[in-house]
Amino acid sequence: MKTILQTSRLTLRELNIDDAEIFYELNLNQNVIKYTGNSAFKDINEAKSFLENYSDYQKNGFGRWAVINTSNQEFLGWCGLKFDENTDETDIGFRFFEHFWNKGFATESAKACIDYGFERLNVKTIVGRAIKENKASIKVLEKIGLQYERDFDFNGREGVIYKIEKNNLSFKSLQK
């Protein structure tokens with residue numbers, strides 16, 4: 001299991017086949033997937049198949065990473081960057097078990113991913129997409145320095161796109 005980065009409380013590592021059961025459980029909670037446009041996996045085998053075929057690390061050198069509590073090795077959720085060939089954009093995304101919400105894990109891991117994208121991957125711009133009703137995710141995007149860019153159609157729902165650029169003042173202010 002390849003560790004990508006660490007924060008004061010978290011370890012971010014590549015997802016792997018051994019994560020299938022917990023990955024399946026994460027998407028079972030309707031509150032967790034409510035604003036994602038995704039549906040739950042049918043079963044653990046479907047989650048396993050998804051992980052077996054997840055090729056972002058090979059294609060792009062990065063992707064969504066497992067977020068692990070460093071103190072007890074508990075799987076909290078995932079966070080990471082994703083390159084979309086169709087839009088030529090890199091986006092930040094995160095998903096956590098509901099009982100870990102409002103503890104700063106999304107903000108801490110997403111901030112680390114933004115820094116990693118700019119400093120290590122030399123990404124120039126990172127976007128974040130959210131359904132407009134998802135105030136918690138929008139708050140995280142704002143906390144990590146992304147700024148509102150525009151509205152968009154998020155699978156038939158009202159969505160918003162936030163953005164941060166490497167040479168943006170808001171990124172530099174995060175470095176302090």
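Scroll up for the structure.
Residues numbered from 1 in each chain as written. Predicted model: local features only at pLDDT ≥ 70, side-chain atom pairs only at ≥ 80, totals over all residues. Heavy atoms only, no water.

Participant: Requested: an account of the packing of aromatic side chains, with residues and values cited.
Facilitator: Using the criterion set out here, one finds 10 aromatic pairs in the structure. A ring pair is formed by Phe-50 and Tyr-54, whose centres lie 5.8 Å apart and whose planes are at 35 degrees; its orientation type is tilted. An angle of 50 degrees between the planes, with centres 5.4 Å apart, marks the rings of Phe-152 and Phe-154 as tilted. Grouping aromatic residues by their ring pairs yields a cluster made of Phe-23, Phe-41, Phe-50, Tyr-54 and Tyr-57. (Phe/Tyr/Trp six-rings, centres within 6.5 Å; stacked < 30°, edge-to-face > 60°.)

Participant: Break down the nonpolar core for me, citing the residues and quoting the values.
Facilitator: Formed by 50 residues in total, the largest nonpolar core has its most connected members in Trp-65, Ile-92 and Phe-94. Looking at this core element by element, the count peaks at eight residues for helix H5 (residues 105-119). Each residue touching Phe-94, except ones within four places of it in the same chain, is listed here: Trp-78, Cys-79, Ala-106, Ala-110, Ser-137, Val-140 and Leu-141. (Core = buried A, V, L, I, M, F, W, Y, C linked by side-chain atoms within 4.5 Å. Buried < 20%, exposed > 50% of the residue type's maximum accessible area, 1.4 Å probe, protein only. Helix = DSSP H or I, 4+ residues; strand = E, 2+ residues; numbered from the N terminus. Contact = heavy atoms within 4.5 Å.)

Participant: Report on the pairing of strand E6 (residues 125-131), specifying residues and quantitative values.
Facilitator: Extensive coverage of E6 is indicated by the burial of five of its seven residues. Note that strand E5 (residues 89-96) and E6 share two bridges and pair parallel. Across the sheet, the residue bridging to Asp-91 is Val-127, located in E6. For the crossover that starts at E5, traverses H5 and ends in the parallel E6, the hand is right-handed. Pairing geometry for E6 and strand E8 (residues 157-165), over seven bridges, is antiparallel. What sits directly across from Ile-131, in E8, is Gly-159. (Pairing = 2+ DSSP bridges. Right-handed = clockwise from strand over helix to strand, strands pointing away.)

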